[in-house]
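Fold and contact review
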Amino acid sequence: MASRRTIIVTFITGLAIGISISYSFTNVAKCEKCYDATNSADRMRVEFIRKMSSAPVRGTRAHSDSVSGGSDNDTHHHQHLVILDPRNDKEMEEVMYHSPGIEKALKFHDEAHHHHGSAELANQLYKEVPVLCWVMTYPGNLDKKAQHVKATWATRCNVNLFMSEEENKDFPTVGLDVPVGYKTLWAKTRAAFQYLYDHHLSEAEWFMKADDDTYVIVENLRYFLVDKNPEELIYYGRRFKPFHPQGYMSGGAGYVISRAALIKVVEEGLTDPKKCASAEKNGAEDVQFGKCLAAVGVKAGDSRDEFQSQTFHPFMPQAELVPNSLPKWMLSYDYYPIIEGPGCCSDYSISFHYVNPQSMYLLEYVVYHLHPFGMDHSYNCPAPPVCPASPGLVTQNEKHQTNHSSVDDKPAAS
């Protein structure tokens, strides 16, 4: 009996020892796979992860003391060493490329402080070409999207308004008293232009509509409009061709309408259901507005530059810059032949769409704050008096003459 008891105890003890040894070897194997304390590259990766990440701890590592010297005061840091496997590319990508929500608007330094004199022409055009920008948003998007538009490009408009279904005096927004929803966007658009006509008609020559995920380079918009006539019945944007012979302008890319066209469409279009659909009519607001403008004689203008490159863009830049990135429907919608690759987009592009808050600030930084040192920028301006005589400012005529001379001066091929 005693021998039997001895055998059982010996068996259980051996089993326990075996499991312990196996568990120890397993942990060591795991640790050696994900982190080698003697490897300087691994130490650098772990330190980088510790600084970059604030994610919850996923586990513990027995030899984490070897990284930070084993101090008892470093318990918090030790735990963070195990957040990610530094050799796991997928997890590294999550750290590097995950875009967290932006709760508060970001503020850049004043670009004029760092780039003295570079805004001379832009400041002049601000006075010469007054533009009112109205941004279509809704109550649920004020913190998610609209505040970032307000913190970036919208302030460069002569007047900026945020149109919503409800008034918000703190933001502020204009309350248009229409139901919230995609199906009521046309009613909202009608109400917005009526509001501009009633309250802001004398404050601008051009009226730019944009969404709360549109980024607008307002200086380029003014440059495009500087030789256009605000008393002409015309509007500009990214021209699509379905639904009407003259097409319509993409709502996402934004469109700009002359003051004369605004007066015409409000006085003769919105009051006549035969020309402009009633507020109860469903449908895409940009299509309905395009039909409405055409019905009262407002022309759809060509906003491409002299190289036939587009200035209004219904997507982020990479969608057109990188060939074969555009959705297939776009190939049949664009009014003009599509150019993909670097020739797609004008150097003086005006707008981009589907811009999330992170990309809103990225564009803000790249357009207004990132400058290559030592590079002199010459601007192609319409003839005086729009462009003052100033170093670095080249009129369109001067540029044409310079290009023509450079061609003529080239030696003939032998």
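Everything numeric here is computed off the predicted structure, so don't read it as measured data.

Turning our attention to the overall build of the protein chain. Each helix and strand counted, the protein chain has 16 helices and 13 strands in total. Every one of the 414 residues in the protein chain was classed for burial, and the buried ones make up 42%. In the protein chain, 73% of the contacts between residues at least 6 apart in sequence involve partners at least 24 apart. Total accessible area computed for the protein chain in this model is approximately 23,200 Å², and 55% of it derives from carbon and sulfur atoms.

Next up on the list: the packing of helix H9 (residues 185–199) against helix H12 (residues 285–295). Contact geometry of H9 with H12 gives a least axis separation of 8 Å together with a crossing angle of 50°. Viewed along their axes, H9 and H12 adopt a mutual orientation that is oblique. Viewed along their axes, H9 and H12 form a crossing whose handedness is right-handed. Contacts between H9 and H12 involve Leu185, Trp186, Thr189 and Phe193 on the former and, on the latter, Glu285, Gln288, Phe289 and Cys292. When its residues are assigned to classes, the contact of H9 with H12 shows five nonpolar, two polar and one charged.

Let's shift gears to the pattern of salt bridges. Scanning the entire structure with this criterion turns up twelve salt bridges. Residue Glu232 pairs with Lys299 through a salt bridge whose shortest N-O separation is 3.0 Å. Placement of the pair is Glu232 in the loop between helix H10 (218–225) and strand S6 (234–237) and Lys299 in strand S10 (residues 299–300), with a sequence separation of 67 residues. For Glu232, a relative accessible area of 27% translates into the label partly exposed. Arg238 serves as the salt-bridge partner of Glu320, at 3.1 Å between the closest nitrogen and oxygen.

Sheet strands pair by backbone hydrogen bonding; their relative direction is either parallel or antiparallel. Pairing is mixed in the open sheet, where seven strands are placed in the order S3-S2-S1-S4-S9-S6-S10. The sheet is open, and its two borders are formed by strand S3 (174–175) and S10, each paired with just one other strand. Relative to the sheet, H10 contacts strand S1 (131–136), strand S4 (206–211), S6 and strand S9 (255–258), its axis offset from that of S1 by approximately 130°. Each of S4, S6 and S9 touches helix H11 (residues 259–269); the most contacted strand, S9, lies at about 85° to it.

Per the stated rule, a full pass over the model turns up three disulfides. The partner cysteine of Cys133 in its disulfide is Cys157, sulfur to sulfur 2.0 Å. Across the disulfide from Cys133 to Cys157, rotation about the S-S bond amounts to roughly -90°, and the bridge is consequently left-handed. In this pair, Cys133 is assigned in strand S1 and Cys157 in the loop between helix H8 (142–151) and strand S2 (159–164), connecting sequence segments 24 residues apart. Like Cys133, the residue Cys157 is buried in the burial classification. Through a disulfide, Cys344 is tied to Cys345; the S-S separation comes to 2.3 Å.

Position of Ser278 relative to the elements: it lies in the loop between H11 and H12. Take Ser278: its relative accessible area is 30%, and that puts it in the partly exposed class. Taking the C-alpha atoms as reference points, Ser278 and Gln288, separated by ten residues in sequence, lie 9.8 Å from one another. When residues no more than four places from it in sequence are discounted, the contact partners of Ser278 are Trp186 and Arg190.

What follows concerns the pairing of S4. Each regular strand shows side chains that alternate between the opposite faces of the sheet. Of all six residues that make up S4, six are buried, and the element is covered over most of its length. Here S4 shows a buried face lined by Trp206, Met208 and Ala210 and a second buried face lined by Phe207, Lys209 and Asp211. Both S4 and S9 contribute to a ladder of four bridges, which runs antiparallel. Within S9, the position partnered with Phe207 by the bridge is Ile257.

What counts and how
Residues numbered from 1 in each chain as written. Predicted model: local features only at pLDDT ≥ 70, side-chain atom pairs only at ≥ 80, totals over all residues. Heavy atoms only, no water. Helix = DSSP H or I, 4+ residues; strand = E, 2+ residues; numbered from the N terminus. Buried < 20%, exposed > 50% of the residue type's maximum accessible area, 1.4 Å probe, protein only. Contact = heavy atoms within 4.5 Å. Areas by Shrake-Rupley, 256 points an atom, 1.4 Å probe, with all protein chains shown as cover. Axes fitted to C-alpha atoms, helices over the stretch in contact; angles between N-to-C directions. Parallel < 35°, antiparallel > 145°, perpendicular 65-115°, else oblique. Left-handed = near helix turned anticlockwise from the far one by under 90°. Nonpolar A, V, L, I, M, F, W, Y, C, P; charged D, E, K, R; others polar. Salt bridge = Lys/Arg side-chain N within 4 Å of Asp/Glu carboxyl O. Pairing = 2+ DSSP bridges. Disulfide = S-S within 2.5 Å.

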